Amino acid sequence: MGSFSRLTVKRGSCAGLRRTLIVGSALSLALQSNMLCAQTVDPQAQDPENAPTETATPEAADPAPPADIALPQVEPIISDEEFEEAVPALDPSEDGALDGPLESIEDFERRIAAEQGDTTPATTDGAEAPLGDPALADGDAVEEIGDAPVRDAELAAPLPPLENFEAAPVEFAEDATDEEVVEVAYGVQIEGLEPADEETDTDLAGMFDSLSALEDGDGEAANVAQVAARLTEDSALLQRILASEGWYEASVATRIDRSEDVTGQPLTAVLEVVPGDRFVFSDIVIQADPVEPADLITSNLALEVGQPIIAERVQGAETNVAVRLPENGYPFATVGQRDILLDQDTNDGVYTLPIEVGPRARFGGIETTGDLAFDAEHVEVLARFERGELYDSRDVDDLRQALVATGLFNTISVVPQQTGETAGDGTEYATILVEQDAGPPRTLAGSAGYGTGQGFRVEGSWTHRNLFPPEGALIGNVVAGTQEQGAGVTFRRSNAGRRDRTFQLRAEALRSDYAAFEAFTGQLSALISYDSTPLWQKPFTYAYGIRLIGTNEQDFDFDLGELNRRTFFIGGLTGQIGVDRTDSLLDATRGFRVTALVEPEGSLQDGFTPYVRARLDASAYYSATDAIVLAGRVRVGTIQGIDRFDLAPSRRFYAGGGGSVRGFGFQELGPKVELANPDFDPEDPDEEDDPTYFRPIGGLSLNEVAAEVRYRFGNFGVVGFVDAGQVYEDTTPDFSNLRYGAGIGGRYYTNFGPLRFDVAMPLDRQPGESSFSVYVSIGQAF
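What counts and what doesn't
- Residues numbered from 1 in each chain as written.
- Predicted model: local features only at pLDDT ≥ 70, side-chain atom pairs only at ≥ 80, totals over all residues.
- Heavy atoms only, no water.
- Helix = DSSP H or I, 4+ residues; strand = E, 2+ residues; numbered from the N terminus.
- Buried < 20%, exposed > 50% of the residue type's maximum accessible area, 1.4 Å probe, protein only.
- Contact = heavy atoms within 4.5 Å.
- Areas by Shrake-Rupley, 256 points an atom, 1.4 Å probe, with all protein chains shown as cover.
- Pairing = 2+ DSSP bridges.
- Axes fitted to C-alpha atoms, helices over the stretch in contact; angles between N-to-C directions.
- Patch = residues over 30% accessible without salt bridge, like charges linked within 9 Å, V, L, I, M, F, W, Y side chains within 5 Å.
- Salt bridge = Lys/Arg side-chain N within 4 Å of Asp/Glu carboxyl O.
- Lys, Arg positive; Asp, Glu negative; His and termini not counted.
- Charge placed at Lys NZ, Arg CZ, Asp CG, Glu CD.
- Core = buried A, V, L, I, M, F, W, Y, C linked by side-chain atoms within 4.5 Å.
- Polar contact = N/O pair within 3.5 Å; in protein donor to acceptor, adjacent residues only side chain to side chain.
- Parallel < 35°, antiparallel > 145°, perpendicular 65-115°, else oblique.
- Left-handed = near helix turned anticlockwise from the far one by under 90°.
- Expected span 1.5 Å × (residues − 1).

> When you look at the overall build of the protein in this model, what are you seeing that I'm missing?
In terms of helices and strands, the protein carries 12 helices and 29 strands. Looking at the protein as a whole, 35% of its 782 residues are labelled buried. Summarising the internal contacts of the protein: among those between residues at least 6 apart in sequence, 56% fall at separations of at least 24. Of the accessible surface of the protein, which amounts to about 46600 Å², a share of 55% is contributed by carbon and sulfur atoms.

As C-alpha cells, this is what we get:
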C-alpha cells in the first residue's frame, strides 16, 4: 500500500463529510470528522486580517443552483411544528440530570441489579462474596472498578490439578499416513507444427521436447492447474522456437482435452500452432569503413537476400566476421549490435550490421608486465611471428598456448595494443602486451605401475621449473621398486634458443635386478630434443645427444658355465627421428607413427670396440566405427659390429612385457640358459621350487608385431589383443620361431589419457614361463 506525504482537502468538503457521518447516527465518527475538518482548515481562515471575503459554510459545500432556474414548489409532508412535537426531548427530566455529574460504576451496578430484582445483600468483612456481586467476584471487596457479574458457579470453581487432567485423544476418520498423493496424468499433443518442421533444417519438435516443461514433467502433475501452467509456459516456448527460425508472427493456442478412455491419459495438453509466413532478408546493409581485401566482410558474412531470418545463422555469420577480421590484419575490429527491421506487410526484414574495423595493423614489438617468470626477449623466442608481418590473431593465440604450456603461470594474457606508429602501406604497428602472473615454480609428482617381471615400481620427483631463468629447471627423482632402485638429477632448459627445443643434462645411479641381468649402473648424458608433450603434439620430432655409461653387471660366462660379474665402460651417441600423424599422443584413434633410433656406441674396456644399435617402430590406427578402433604395431631391431658376449647385458635386445610382447614377463622372451636354482633344497620334502630356472641372456636382433581391437563405451573400454615376437642371437631378425601371447584388457578414460589394465597369457607355454601376466599403466600399450 502507498502513502501520501501531503493531504489536501478542499474548502466545503468537511461539511459534506460531517453530514454523511451524522446521517449515519455515529457520534464518534461525527466527532472524528469534526477533528479532521479542524485539522484541514485553511490557516488563512483563522486569521481575520488575511481571511478571504467569502466565508466557508456548510451550505457552500453544496453547489447552489443557477439563479435563472425556477425550482418547483414542494408541499411539506408535515409541518415544522408537528416535527418538533414528535421528536422527544434530549433531557426529559425536570432536574436537568444530563447536566449533573455521572454516577459511579458501583452505584450504576447496584441500580441495575435492583431494577433486575437482585436483592442479594452485601457481604460483611470476612464473608464469601456472592456470585452476583460484581465488585466481589474475585474476592476483592475494595475496588475502584468492579468485576463483571459471574452467574455460572463453575467459573468460580478451582481448576483441577494437572496430574488429574484427562485429555481425550482426537480420533481421525482415517490415518494421516494413509493419505495418497493424487497425481494427474496427461499427454502432450502438438498440432500444426509439421509444415514448419519440414521447411527448416532444424528439428523443431526435437528442440521443443528437450526444453518443454510438459515433457520434463514425464506426463504427471499435481493437479490440472499445474498442467495449465506448464501448457502456458510451453506455448511461449514454441513461439520463441519458431521466431528463432524466422516465423515471427506465429500463434500458439492451447487447450486441455479430457479423455473418456480410462485406460489412456485422462488429460491431453494440446498446442495448436499456426506458424504464419516465414520472414526473409529483403536487404543486407553493412556499415563499415573500406577493408582490404574489399570483400573481407561480405565474403565471411554468410547471409544472403531471400534467405530466412534464422537466429543461429545470423549469430554464426557475425561470429565468423568477428574472427576473420583479426586474422587478416584488423586486431581492433568490433562487431556492433545488429538491427533487423521487420515489415509485417511484406514478411521480410532489412538487416543492418555496424562494424568498427579500426586500423589495419602489423606486428610490432613485444612488451611484458606483471609478476614476471621471464623477460620479453624469451617471449620473442616463443612467438612464431616477426616484426612487420601482417597481424594474425592465430599467431597470438599460438603464443598464448606456448606460454601456458611452460607451466610457469597462474594466469597469462596476450593482447594487442595500438601504437599509432605508421608501418607503411596504410598500416600501423601493434604492440603485443604480455601480462604475466607467475605461479609457484616447484612441483612434487609421483607415478606407480606394475608389470610381471618388473614388479611394482614407484617414482617420485621434485622439480623447480624456473630455478635458472628462463625455463631452466632442476629435477631430482627417486625410483623405488621391487626390482629397480635408483636416483638421478636433471638440468633441463625448455625452449632453449628456439621454440619447443629442449636441452638436458642428466646424472643417475641405478640398481637393476631383472630376470635377464643384475646391474649397478651410473650414467652421464646430454640430450637436445624436439619432442611431443601431452599439451603439444608435434608431427615431426628429433633428438640427438651423447652418453657415458659405467656398469657392473652379472652375465653368464659360457666358458666357465656359470654367472660372472663384469664391468663395462660405454661411450656413445644417440639420434632419433619421428613422424607422428595421429590424433592423440596417449590415445590415438587414427593415423600412424614411425620412429627410428640409431645409437653408435663403443665398448671402452680392453680397447675400443665400436658397434651400432638401431631400432625401428611403426604403428597405425583406424577407426572402424565411432566406438571401435583397430590398432597395429611393428618393431624391428639390430646390433651390428660386436659379439653378444662383448656387449653389456643391459645393452642387448630383449622382448616381453607390457610395452613389448604381452603374455611374457619383462625381458623373458628370447635365448635362455638353464641354471641350477640356488633356492632349491633337495632334502626338504615340502620343497615347491623347481631345481632349475631359465635365465634370459638377450640377443643382437629382435622383431615384434601386435594387433588390438579397442572398444569404448563412455569412459570405459575393452581391448582384445594378440602379440608376437622373438629375440635372436644373430644380428638380423629372421621372423622365425615367433612366440605368441593373447589377452584382454580394460580401459578407464581420463582427461590425461586412459588407465590400462591388461591380462595376457603365452600361447604354447614353455617351461619357466608364467601362466599369465598382468600389466597396469597409463596410456595405451602403443
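> Honestly, the sheet that holds strand β10 (residues 409-424) in this entry has me stumped. Any pointers?
Adjacent strands of a sheet pair through backbone hydrogen bonds, lying either parallel or antiparallel. On the basis of which strands lie adjacent, the open sheet formed by three strands has the order β9-β11-β10 and mixed pairing. Strand pairing shows two members of the sheet lacking a second neighbour, β9 (361-371) and β10, which therefore form its edges. Averaged over all adjacent pairs, the angle separating strand axes in this sheet is 20°, with direction ignored. Of the pairings in the sheet, the one linking β10 to strand β11 (residues 427-438) comprises 11 bridges and is antiparallel in character. Looking across to β11, one finds that Val415 is bridged to Leu433. This element, helix α12 (residues 393-405), spans β9, β10 and β11 of the sheet and lies at about 150° to β10.

> Looking at this structure, how should I read a negative patch on the surface?
Together, Asp679, Asp681, Glu683, Asp684, Asp686, Glu688, Asp689 and Asp690 line one region of the surface with negative charge. Tracing the sequence through the fold places Asp684 in the loop between β23 (672-676) and β24 (692-696). Using a relative accessible area of 31% as the deciding quantity, one classes Asp684 as partly exposed.

> Could you clarify how one ought to interpret the environment of Gly486 in this entry?
If you trace the backbone, Gly486 turns up in strand β15 (residues 484-493). You can call Gly486 buried: its relative accessible area is 17%. The spatial distance from the C-alpha of Gly486 to the C-alpha of Phe520 is 9.5 Å, given a sequence separation of 34 residues. In contact with Gly486, not counting residues within four places along its chain, are Asn477, Val478, Val479, Ala509 and Leu510.

> Is there a simple way to think about the environment of Glu220 in this case?
Its location among the elements puts Glu220 in strand β2 (residues 220-221). In this structure the C-alpha to C-alpha distance between Glu220 and Val184, which are 36 residues apart in sequence, comes to 5.6 Å. Glu220 has contacts with Glu183, Val184, Tyr186 and Arg230, leaving out every residue within four places of it along the chain.

> Where do I start with the nonpolar core in this structure?
Formed by 21 residues in total, the largest nonpolar core has its most connected members in Leu204, Leu238, Leu242 and Leu271. Counting residues per element, this core draws most heavily on helix α9 (residues 224-244), which supplies six residues. Residues contacting Leu242, with those up to four places away along its chain left out, are Leu193, Ala196, Leu204, Trp247, Ala250 and Val273. Residues Val396, Ala402, Leu408 and Val414 belong to the second largest nonpolar core, which totals 20 residues.

> I tried to follow the side chain of Arg465 on my own but got confused; where do I start?
With respect to the helices, strands and loops of the structure, Arg465 is situated in the loop between β13 (455-464) and β14 (472-481). Glu471 provides the closest opposite charge to the buried, salt-bridge-free Arg465, at an N-O distance of 8.4 Å. Looking at Arg465, its side chain comes within polar contact range of the main-chain oxygen of Gly407, at 2.8 Å. Polar side-chain contacts of Arg465 include one of 2.6 Å to the backbone oxygen of Pro440. Excluding anything up to four places from it in sequence, Arg465 contacts Thr406, Gly407, Leu408, Pro440, Pro441, Arg442, Thr443, Glu471, Gly472 and Ala473.

> What should I look at first to understand the packing of helix α7 (residues 204-211) against α9 in this one?
The description of two packed helices rests on the angle between their axes and on the distance between the axes. Between α7 and α9, the shortest axis-to-axis distance is 10 Å and the interhelical angle comes to 140°. When the interaxial angle is binned, α7 and α9 end up oblique. α7 and α9 meet at a crossing whose hand is right-handed. Counting all contacts with α7, which are made through Leu204, Met207, Phe208 and Leu211, the residues of α9 involved are Asp234, Leu237, Leu238, Ile241 and Leu242.

> Honestly, the sheet that holds strand β3 (residues 251-258) in this entry has me stumped. Any pointers?
Read across the open sheet, the four strands follow the order β2-β1-β4-β3; overall the sheet is mixed. Taken across any chain shown, the strands that pair with only one partner, and hence form the sheet edges, are β2 and β3. When strand β1 (residues 184-191) meets β2, the two strands line up antiparallel, connected through two bridges. Each bridged residue has a counterpart across the sheet, and for Val184 the counterpart in β2 is Ala221. Against the sheet, α9 touches β1, β2, β3 and β4 (267-274), its axis set at about 155° to β3.

> Looking at this model, I keep getting lost on unusual backbone geometry. Mind explaining?
With the exception of glycine, most residues fall at negative phi, and the peptide bonds are largely trans. Across the junction of Glu292 and Pro293, the peptide omega takes the value -10°, indicating a cis bond. With respect to the helices, strands and loops of the structure, Pro293 is situated in the loop between β5 (280-287) and α10 (311-327). Residue Pro470 is reached from Pro469 by a cis peptide bond, and omega for that bond is 0°. Relative to the helices and strands, Pro470 resides in the loop between β13 and β14. Despite not being glycine, Asp218 has its phi angle at roughly 55°, a positive value.

> Looking at this model, I keep getting lost on α10. Mind explaining?
Given 3.6 residues per helical turn, the α-helix brings residues three or four places apart onto the same face. The terminal C-alpha atoms of α10, which comprises 17 residues, lie 25 Å apart, in line with the 24 Å expected from a rise of 1.5 Å per residue. Looking only at α10, the buried set comprises Val314, Ala317, Glu318, Val321, Leu325, Pro326 and Glu327. Downstream of α10 by a residue or two, Gly329 has a phi angle that is positive, lying close to 100°.

> Before we go on, may I ask you to explain the pairing of strand β20 (residues 591-603) in this structure?
Strand residues, when the strand is regular, have side chains that alternate between the two faces of the sheet. As paired strands, strand β19 (residues 562-580) and β20 are joined by nine bridges and run antiparallel to one another. Among the inter-strand pairings, Ile570 is bridged to a residue of β20, identified as Ser603.

> How should I be thinking about a nonpolar patch on the surface in this particular structure?
Residues Tyr711, Phe713, Phe716, Val718, Ile744, Tyr748, Phe752, Leu755 and Ile778 make up a contiguous nonpolar surface patch of roughly 860 Å² in combined accessible area. Listing elements by their share of the nonpolar patch, those giving two or more residues are β25 (701-713), β26 (716-728) and β27 (739-750). With a relative accessible area of 39%, Tyr711 lands in the partly exposed category.

> Sorry, what's going on with the pattern of salt bridges here?
Where charged atoms from two side chains of opposite charge approach closely, those side chains can pair. One pass over the full model with this rule turns up 42 salt bridges. Glu518 serves as the salt-bridge partner of Arg511, at 3.7 Å between the closest nitrogen and oxygen. You can call Arg511 partly exposed: its relative accessible area is 26%. By relative accessible area, Glu518 is classed as buried at 16%. Here Asp555 ties to Arg566 by a salt bridge, and the two come within 3.0 Å at their closest N and O atoms. A residue pair is termed long-range when its members are at least 10 positions apart, and Asp555 in strand β18 (residues 540-557) and Arg566 in strand β19 qualify at 11 residues. The buried category is assigned to Asp555, whose relative accessible area is 6%. The exposure class of Arg566 is buried, given its relative accessible area of 18%. Three or more residues joined by partner-sharing salt bridges are found here, namely Arg662, Glu708, Arg710, Asp723, Arg747, Arg756 and Asp758.

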